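# Residue-level structural notes
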Amino acid sequence: MPRVLALLALTGALFVGGCSNLSHTQQRMLTGGAIGTGVGAVGTALTGGCVACGAAIGGAVGVGAGYVVDKM
């Protein structure tokens, strides 16, 4: 169990470190994509649809929305 926790901590640190040099627009798009993916997956799971399809569509819409919001 301690190895799994150490691996998760290392993976999380690498992900956070990889996002440190993103521009403001890229940060908005990443956040929008992550939120859209989650909402799309949960929404299709609740309605009985294709979860992967909902996640992909939600992520794409979220990235686009993040871009538009940043440019406004």
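Before any of the text, the structure's been laid out above.
Presented here is an overview of the structure given in this document. (Residues numbered from 1 in each chain as written. Predicted model: local features only at pLDDT ≥ 70, side-chain atom pairs only at ≥ 80, totals over all residues. Heavy atoms only, no water.)

### Brief notes about the overall build of the protein
What counts is decided by this rule: Strands are runs of DSSP state E lasting at least two residues, helices are runs of H or I lasting at least four, and both sets are numbered from the N terminus onward. Any residue under 20% of the maximum accessible area for its type is buried, any over 50% is exposed, and the rest in between are partly exposed; the area is computed with a 1.4 Å probe on protein chains only. By the convention used here, residues are in contact when the closest approach between their heavy atoms is within 4.5 Å. Areas reported here follow the Shrake-Rupley algorithm with a probe of radius 1.4 Å; residue values treat only the protein chains shown as occluding.
If you tally the helices and strands in the protein, you get three helices and zero strands. For the protein, the α and β elements follow one another from N to C terminus as α-α-α. By residue count, 18% of the 72 residues in the protein fall in the buried class. The long-range fraction of contacts in the protein, counting pairs at least 24 apart against all pairs at least 6 apart in sequence, stands at 52%. Summed over its atoms, the accessible surface of the protein is roughly 5200 Å², and 75% of this surface lies on carbon and sulfur atoms.

### Let's talk about the packing of helix α2 (residues 24-47) against helix α3 (residues 51-71)
Counted only if it meets this: Helix axes use the C-alpha atoms of the stretch in contact, all axes being lines fitted to C-alpha atoms, and the angles between their N-to-C directions lie in the range 0 to 180 degrees. Note that the term roughly parallel is reserved for angles under 35 degrees, roughly antiparallel for angles over 145, roughly perpendicular for angles of 65 to 115, and oblique for everything else. Left-handed describes a crossing in which the near helix is turned anticlockwise from the far one by less than a right angle; the clockwise case is right-handed. Any residue that is not Ala, Val, Leu, Ile, Met, Phe, Trp, Tyr, Cys, Pro, Asp, Glu, Lys or Arg is counted as polar, Gly included; the first ten are nonpolar and the last four charged.
For the pair α2 and α3, interaxial distance at closest approach is 6 Å and the crossing angle is 150 degrees. In terms of orientation, α2 lies roughly antiparallel with respect to α3. For the element pair α2 and α3, the recorded crossing hand is right-handed. Between α2 and α3, the contacting residues are His-24, Thr-25, Arg-28, Met-29, Gly-32, Gly-33, Gly-36, Thr-37, Gly-40, Ala-41, Thr-44 and Ala-45 on the first element and Val-51, Gly-54, Ala-55, Gly-58, Gly-59, Gly-62, Val-63, Gly-66, Tyr-67, Val-69, Asp-70 and Lys-71 on the second. Here the contact of α2 with α3 is composed, by residue class, of eight nonpolar, 13 polar and three charged.

### Notes on a nonpolar patch on the surface
Put simply, the test is: For patch detection, residues must exceed 30% relative accessible area and be free of salt bridges, and they are connected within 9 Å for like charges or within 5 Å for nonpolar side chains (Val, Leu, Ile, Met, Phe, Trp, Tyr). Salt bridges are counted wherever a side-chain nitrogen of Lys or Arg sits within 4 Å of a carboxyl oxygen of Asp or Glu.
Residues Val-4, Leu-5 and Leu-8 make up a contiguous nonpolar surface patch of about 300 Å² in total accessible area. Locating Val-4 in the fold gives a position in helix α1 (residues 2-18). Take Val-4: its relative accessible area is 47%, and that puts it in the partly exposed class.

### Some remarks on the side chain of Thr-44
Among the structural elements, Thr-44 can be located in helix α2. Among all residues touching Thr-44, those that are not within four sequence positions of it are Gly-49, Cys-50, Val-51 and Gly-54.

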